[in-house]
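Summary of structural features
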Amino acid sequence: MTTTLHTITSETSGSDKEFSPLRILYLSQSRLPSNSANSIHVIKMCAALSELGHGVQLLGYQGHGPGIASYYGTPINFEVRTFNIREQPGETLLLAFACTIWKLFNRKANFDLLYSRSAFCLLPLTFGKSRFIFETHSTPRTWLHRLCEARILRHKKLAHLVCITQKLKDHYMEIFPW
């Protein structure tokens, strides 16, 4: 992780790369707090990025229960914002969340890097000025997912695609050969 973040920091002159902390917006479709593996992974990722010296802001859905720090039993060394959006069937919830993020992003478009595992959350923000990383855990399930991911993967601001397995990377190379 450290190597990847160092290569996408602000450019420096010559071949010397200095560490330059990034302002990272991590977009999650997790409910926070929650006992899902996804939400636990998101919290740990944000904590790790913050420990590396980056400024991290996490956006997610409002969960149920106590505060996030007490729920996960870990100090939260980054900013967390949650949106109280009631659950709706299907992808409408994701699109509503993405639109909410888009409105917020237009007011605070000063992030160096966006990071998300949700194509629907990330897609509206590709129209901004920030570079982004898309992390995937499965191939697109629907034509709409595929369309969103194609837009993301062809975008000039895409810094990295993170596939969690070599097999998944191979599938992505087949589906999106460019």
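Our subject in this report is the structure included herewith. For clarity, every value in this text was computed on a predicted model and none was experimentally measured.

Thresholds, definitions, all that
- Residues numbered from 1 in each chain as written.
- Predicted model: local features only at pLDDT ≥ 70, side-chain atom pairs only at ≥ 80, totals over all residues.
- Heavy atoms only, no water.
- Helix = DSSP H or I, 4+ residues; strand = E, 2+ residues; numbered from the N terminus.
- Buried < 20%, exposed > 50% of the residue type's maximum accessible area, 1.4 Å probe, protein only.
- Contact = heavy atoms within 4.5 Å.
- Areas by Shrake-Rupley, 256 points an atom, 1.4 Å probe, with all protein chains shown as cover.
- Salt bridge = Lys/Arg side-chain N within 4 Å of Asp/Glu carboxyl O.
- Core = buried A, V, L, I, M, F, W, Y, C linked by side-chain atoms within 4.5 Å.

Structural notes on the overall build of the chain
The helix and strand tally for the chain stands at 7 helices and 6 strands. Beginning at the N terminus, the succession of helices and strands in the chain can be written as α-β-α-β-α-β-α-β-α-β-α-β-α. In the chain, which comprises 178 residues, the proportion classed as buried is 42%. Here the contacts in the chain between residues at least 6 apart in sequence split such that 65% fall between residues at least 24 apart. Accessible surface for the chain amounts to roughly 9,700 Å². Of this, 54% is attributable to carbon and sulfur atoms.

So, the pattern of salt bridges
Applying the stated criterion to the full structure yields 1 salt bridge. We note a salt bridge from R81 to E79, for which the minimum N-O separation is 3.9 Å. Relative accessible area serves as the criterion here: at 30%, R81 is assigned to the partly exposed category. On the basis of relative accessibility, which here comes to 37%, the residue E79 falls in the partly exposed class.

Observations regarding the nonpolar core
Among the nonpolar cores identified, the biggest contains 24 residues, and L25, L27, L114, L122, F134, I152 and Y172 are the most heavily contacted of them. The residues contacting L122, other than those within four sequence positions of it, are L27, L114, S116, F132, I133, F134 and I152.

Regarding helix α6 (residues 143-153)
Along α6, the residues that are buried comprise H145, C148, E149, A150, I152 and L153. Buried residues along α6 sit against α5 (119-122), β5 (131-136), β6 (158-163) and α7 (166-175).

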